[in-house]
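Understanding the architecture of this molecule
Read off the chains here:
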Amino acid sequence: MMPKNLFQIQLYLNILLGFVLVIKYPNFITLLYLMILILSSIFKRKVISQIINIIFLPIIFMDQFTISLQLIMLKFKEISVLFLCIYYIGILVLDIPLIKESYFVIKKPVFRLLASICFSLVATSTKIILPSNLNSNSFLSGLNNSALINGMVVVIYIYFAIKNWGYEVRCNLPIDFLKYKNIIILVVTMILSIWFCFFVVFSSVAINYKEIFGNWDFSLINPTLSEKLKNSWQIYFSAIKAGLVEESERYINLILIFTILKGQKFRLELSILISSLLFALSHIINAFSIYPYKLSIEGEIYQVFFTFGLGCYLAVIFLYTGKLWIVILFHIFYDILVFSITPLGISGSLILSRISYTMMVTIGWLFLAAIVFILNKKIIKENIILLTERRNEKIIS
């Protein structure tokens, strides 16, 4: 059991740390962090304090911890790997008292959704620790630069939030394999999904129409020769992070949106569309990222359309199969392909313009999503009711 006052102890410790950082490294950010921490500690009205805690404290706690460990590692470079491991463990549990104090007590589904979006955005956007003596091509460097550990903070939050808000964590619903129709549709869907992944990737590097639909040159996909990421470990870890975090977010978003829309017409369809829109809009942050994840404003607009189509497809596949691990693996596989495009694949005269490519791929994902949805609507509806069924309460669709 977690002590009731653990969050308050942590808050006061961070205030002390804030004073140290302001004295040692005075700048606007360290001063702002300290002021927010003090405000959180002095506000007696629970609602105001809770809003401050939800919006600001996750990033403050994580940033202060990261900065502190960074300074310690600069001081003790010879054992920096040890402190890096301490950092990984610490960052995973750092926000648990805060989450218990301010997130688990939220009652309304719409506020739970907003709080979850805020936490995911903050946790995946915080600074990562930068050891100075790590080999840039090493396993640890790839793990660190991928920010997978920060992503796992979101996964941990989502798991405990679902349980504490009264839902069952159901990531592997059963499929009735006694019906041949279910087996055939599932196998055909998976094969088509994998083919379409290759189609999407290779159509982005095609220099003639033959290379769009077939005649693919697999030498253009090589994690060790990637144009974007020079560390192949970072490719794998970045893909794992995206798969785990974004599909876990999709899970909790679908649950909460479906609950919010109770009694509404087209409740199921709207839940899929809204969760996919949130998935697409979450990629806007890439416009403010650093290389290699940074995109231009134009590129970001294209990505939002593209990821909306992909999001609809992944939401339908998750609700159809009831198996979160399937969409996680699919997402990881797709991102590894995207991150592994070589310089030769990016160079050359591409046959499709960016807008043509984006429209083709977006429509393709939406078409596949519609087909799977229409063929399996009954199963999808049954599965989302199971996912949103709360303990000791039967949800009526």
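Residues numbered from 1 in each chain as written. Predicted model: local features only at pLDDT ≥ 70, side-chain atom pairs only at ≥ 80, totals over all residues. Heavy atoms only, no water.

1. Focus: a nonpolar patch on the surface
- A cluster of nonpolar side chains, Ile72, Phe76, Ile79, Leu82 and Ile86, forms an exposed patch at the surface whose accessible area comes to about 400 Å².
- Looking at the secondary structure, you find Ile86 in helix α4 (residues 80-93). (Patch = residues over 30% accessible without salt bridge, like charges linked within 9 Å, V, L, I, M, F, W, Y side chains within 5 Å. Areas by Shrake-Rupley, 256 points an atom, 1.4 Å probe, with all protein chains shown as cover. Salt bridge = Lys/Arg side-chain N within 4 Å of Asp/Glu carboxyl O. Helix = DSSP H or I, 4+ residues; strand = E, 2+ residues; numbered from the N terminus.)

2. Quick word on the side chain of Lys241
- Relative to the helices and strands, Lys241 resides in helix α11 (residues 232-260).
- The side chain of Lys241 is buried and forms no salt bridge, while Glu246, the nearest opposite charge, is found at 7.6 Å.
- If sequence neighbours within four positions are ignored, Lys241 has contacts with Thr124, Ser146, Ala147, Leu148, Gly151 and Glu246. (Buried < 20%, exposed > 50% of the residue type's maximum accessible area, 1.4 Å probe, protein only. Lys, Arg positive; Asp, Glu negative; His and termini not counted. Contact = heavy atoms within 4.5 Å.)

3. As for the layout of surface pockets
- Size it by volume and the second largest pocket reaches roughly 370 Å³.
- Every element with two or more residues in the lining of the second largest pocket is listed here: α9 (180-203), α13 (297-321) and α17 (377-388).
- No other element matches α17, which puts 6 residues into the lining of the second largest pocket.
- Considering only residue class, the lining of the second largest pocket consists of 8 nonpolar, 4 polar and 6 charged. (1 Å grid on protein atoms, 1.4 Å probe; cavity = no way out; pocket = protein on both sides within 12 Å on 5 of 7 lines; lining within 4 Å. Points joined across faces, edges and corners; volume = space filled by probe spheres on them. Nonpolar A, V, L, I, M, F, W, Y, C, P; charged D, E, K, R; others polar.)

4. Structural notes on the packing of aromatic side chains
- Throughout the structure, instances matching the rule amount to 30 aromatic pairs.
- Ring centres of Phe202 and Trp216 lie 5.3 Å apart, and the angle between their planes is 5°; on these two criteria the pair is classed as stacked. Linking Phe202 in helix α9 with Trp216 in the loop between α10 (210-213) and α11, this pair joins segments that are 14 residues apart in sequence.
- Judged by its relative accessible area of 18%, Trp216 falls in the buried class.
- Between Tyr313 and Trp365, the ring centres sit 5.3 Å apart and the planes meet at 35°, which makes this aromatic pair tilted. (Phe/Tyr/Trp six-rings, centres within 6.5 Å; stacked < 30°, edge-to-face > 60°.)

5. A short note on the pattern of salt bridges
- Applying the stated criterion to the full structure yields 3 salt bridges.
- With a closest N to O distance of 3.7 Å, Arg170 and Glu389 form a salt bridge. Placement of the pair is Arg170 in the loop between α8 (148-164) and α9 and Glu389 in the segment after α17, with a sequence separation of 219 residues.
- The shortest N-O distance in the salt bridge between Glu247 and Arg250 comes to 2.7 Å. Of this pair, Glu247 and Arg250 both sit in helix α11, 3 residues apart, roughly one helical turn.

6. Some details on the packing of α13 against α17
- The interhelical angle for the contact between α13 and α17, taken along N-to-C directions, is 80°, at an axis separation of 7 Å. By the criterion of interaxial angle, the relationship of α13 to α17 is roughly perpendicular. Taken together, the residues of α17 that come into contact with α13 (itself represented by Val316, Phe318, Leu319, Tyr320 and Thr321) are Ile379, Ile380, Asn383, Ile384 and Leu387. (Axes fitted to C-alpha atoms, helices over the stretch in contact; angles between N-to-C directions. Parallel < 35°, antiparallel > 145°, perpendicular 65-115°, else oblique.)

7. Considering the nonpolar core
- In this structure, Leu57, Tyr103, Val200, Leu319 and Trp365 are the most contacted members of the largest nonpolar core, which totals 106 residues.
- Counting residues per element, this core draws most heavily on α13, which supplies 11 residues.
- Once residues within four sequence positions are removed from consideration, Tyr103 is found in contact with Asn53, Ile54, Pro58, Leu98, Ala115, Phe119, Tyr157 and Trp165. (Core = buried A, V, L, I, M, F, W, Y, C linked by side-chain atoms within 4.5 Å.)

8. Topic: the environment of Leu268
- With respect to the helices and strands, the residue Leu268 is situated in helix α12 (residues 267-281).
- Accessibility expressed as a relative area gives 6% for Leu268, which makes it buried.
- Each C-alpha atom, one on Leu268 and one on Lys381, is 7.1 Å from the other, the two residues being 113 residues apart in sequence.

Purely geometric numbers; function is a separate question.
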